[in-house]
Amino acid sequence: MTMTIFKKTPMLAILILILSGCMSPPKQHPIYEPIEIVEIIEIPNEEKEDIYNKARQWFSQYFVSGESVIDYEDKKEGVIIGNGISNNGSNSQMGMVISKFSFEYTIRIDTKDNKFKTTITVTNHKYTIQGKTYTNKNVNPTLIESSKKEAKLITKKIKEYIQKKNQEKEEW
């Protein structure tokens, strides 16, 4: 009987080797590529320093959580760089939130006379479901488009803030 096992063992080993070679590797998630949104906004008759000061005020009012911070600012160069996090929607059933989506981003504002440029780079997507958070996994085209839309909305809010402050200055 032991002889029969030894005769079958090499065949079994060969079969295992052949089958394991046919197995596909575990599915890999595609490497996440950051999303960059760049916009140049004209602000006629406004000096670089005034645009910078208004952009800095916007950061102070918009970045109020501990998760949103200014990392770098240089008034002479007209540059402000910050990091933020923005909600990107959620799914719910029967009034209970099932999953939440958010994204982390860096925002850079460069100022010049009569204009400024915003560069928003979405660096990470977060997906939280039943208390577990996943980063840059299950990032589907809908979430990517939603992130782009939200980044453009942030730029729009900066533009509106700077233009509003410009009007308030004239009315004062």
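Quick summary incoming for the structure in this document. (Residues numbered from 1 in each chain as written. Predicted model: local features only at pLDDT ≥ 70, side-chain atom pairs only at ≥ 80, totals over all residues. Heavy atoms only, no water.)

What to know about the side chain of T121
Item 1. Along the polypeptide, T121 turns up in strand β5 (residues 115-129).
Item 2. Take T121: its relative accessible area is 15%, and that puts it in the buried class.
Item 3. In this structure T121 touches P34, I35, E36, E104, Y105 and T106, once residues within four positions along its chain are discounted. (Helix = DSSP H or I, 4+ residues; strand = E, 2+ residues; numbered from the N terminus. Buried < 20%, exposed > 50% of the residue type's maximum accessible area, 1.4 Å probe, protein only. Contact = heavy atoms within 4.5 Å.)

A short note on unusual backbone geometry
Item 1. Despite not being glycine, N45 has its phi angle at roughly 60°, a positive value.
Item 2. Its location among the elements puts N45 in the loop between β1 (35-42) and α2 (48-62).
Item 3. A relative accessible area of 76% means that N45 is categorised as exposed.
Item 4. You will see that N114, though not glycine, has its phi angle at about 70°, which is positive.
Item 5. For N114, the location among the structural elements is in the loop between β4 (96-112) and β5.

Some details on the pairing of strand β6 (residues 132-135)
Item 1. In this sheet, β6 lies alongside β5 in antiparallel orientation, the contact comprising four bridges. Across the sheet, residue K126 finds its bridge partner in β6, namely T135.
Item 2. Counting the residues in the hairpin turn of β5 and β6 gives two residues, including Q130, whose phi is positive at 50°. (Pairing = 2+ DSSP bridges.)

Concerning the pattern of salt bridges
Item 1. Under the criterion given, the structure shown has seven salt bridges.
Item 2. R108 is the salt-bridge partner of D110, the closest N and O atoms lying 2.9 Å from each other.
Item 3. Since its relative accessible area comes to 34%, R108 is described here as partly exposed.
Item 4. In this structure, K156 engages E160 in a salt bridge whose closest nitrogen and oxygen atoms are separated by 3.9 Å. Residue K156 and its partner E160 are both found in helix α3 (residues 141-171); the two are separated by four residues, about one turn of the helix.
Item 5. Relative accessible area serves as the criterion here: at 44%, E160 is assigned to the partly exposed category. (Salt bridge = Lys/Arg side-chain N within 4 Å of Asp/Glu carboxyl O.)

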